[in-house]
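Inside the fold
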Amino acid sequence: MPHSVEAAFQGAKISDAEYIVVRGTLRFDHKLLPKTDWEHQQDTPPMTRIPVTLQGLSLSRAGFDVPFDRKVTLEVACLGPWCASANNGDVLAFVARGLSGYVLETNPCGGFLFGNPSPAMLKKVSACFQGKDCTPPKR
């Protein structure tokens, strides 16, 4: 399935976890991201957990209007030598709420984190949330 807000929304919808869609600012120590080691692929960790702060607005049926300011665990997955990336700044995030806190997953193929979301992405995820067409694009 192509990585898109529609695909992320559908993945969150069928998950057993409860997800909150947040548009906001992600802040963390960029030096904690895993380093890809092409020569020694076995040394690349399959998962790195990084404490982050996510501050912004979460999605309701009326739009992005519910304040969200939380500590979140960013789970950065690596598949072999390929690792997900993340940056400080403006994001659209699908955050899972669990017993141990809030978790934001990303992987080399996409995941639940979108940097610098476009107005079209925000409009589409709002439409998905309202029960309108949410079919992932075919590529």
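**Here we look at the pattern of salt bridges**
Tallied over the full model, the rule gives 3 salt bridges. E18 is the salt-bridge partner of R97, the closest N and O atoms lying 2.2 Å from each other. Taken together, the positions of R97 in strand β5 (residues 89-98) and E18 in strand β1 (residues 18-27) put the pair 79 residues apart, joining distant regions of the chain. You can call R97 partly exposed: its relative accessible area is 38%. Its salt-bridge partner being D90, residue R23 comes within 3.3 Å of it at the nearest N-O pair. Of the two residues, R23 is situated in strand β1 and D90 in strand β5; the sequence distance between them amounts to 67 residues. Since its relative accessible area comes to 33%, R23 is described here as partly exposed.

**A look at the nonpolar core**
Ranked by size, the top nonpolar core spans 37 residues in total, and within it L54, F94 and V125 carry the most contacts. Looking at this core, the elements with two or more residues in it are α1 (5-14), β1, β2 (47-60), β3 (63-79), β5, β6 (101-107), β8 (113-115) and α2 (119-129). Among the elements that line this core, the one with the most residues is β5, at 6 residues. Leave out the neighbours within four places in its chain, and F94 touches V5, A8, F9, A12, Y19, I20, V21, V103, L104, F112, F114 and V125.

**Describing the side chain of T106**
Within the secondary structure, T106 sits in strand β6. Reaching out from T106, the side chain makes a polar contact with the backbone oxygen of G110 at a distance of 3.1 Å. With residues up to four places along the chain from it excluded, the contact list for T106 reads L74, E75, V76, A77, A84, S85, G111, F112 and L113.

**With respect to the side chain of S4**
Mapped onto the elements of the fold, S4 is located in the segment before α1. A residue is classified by how much of its surface remains accessible, and S4, at 5% relative accessible area, is buried. Engagement of the side chain of S4 in a polar contact is seen with the backbone nitrogen of A7, the distance being 3.0 Å.

**Some thoughts on the confidence of the model for the protein**
Atomic detail in the predicted coordinates should be set aside for any region of low pLDDT. Model confidence for the protein is summarised by a mean pLDDT of 91, while 92% of its residues fall at 70 or above. By mean pLDDT, strand β7 (residues 110-111) is the weakest element of the protein at 85, and β1 is the strongest at 98.

**A look at the pairing of β2**
The sheet contact formed by β1 and β2 spans 6 bridges and is antiparallel. Bridged to L26 within β2 is L54. When β2 meets β3, the two strands line up antiparallel, connected through 14 bridges. Opposite V52, over in β3, you have V72 as the bridge partner. The hairpin turn running from β2 into β3, its antiparallel successor, is 2 residues long.

Conventions used here
Residues numbered from 1 in each chain as written. Predicted model: local features only at pLDDT ≥ 70, side-chain atom pairs only at ≥ 80, totals over all residues. Heavy atoms only, no water. Salt bridge = Lys/Arg side-chain N within 4 Å of Asp/Glu carboxyl O. Helix = DSSP H or I, 4+ residues; strand = E, 2+ residues; numbered from the N terminus. Buried < 20%, exposed > 50% of the residue type's maximum accessible area, 1.4 Å probe, protein only. Core = buried A, V, L, I, M, F, W, Y, C linked by side-chain atoms within 4.5 Å. Contact = heavy atoms within 4.5 Å. Polar contact = N/O pair within 3.5 Å; in protein donor to acceptor, adjacent residues only side chain to side chain. pLDDT = per-residue confidence, 0-100. Pairing = 2+ DSSP bridges.

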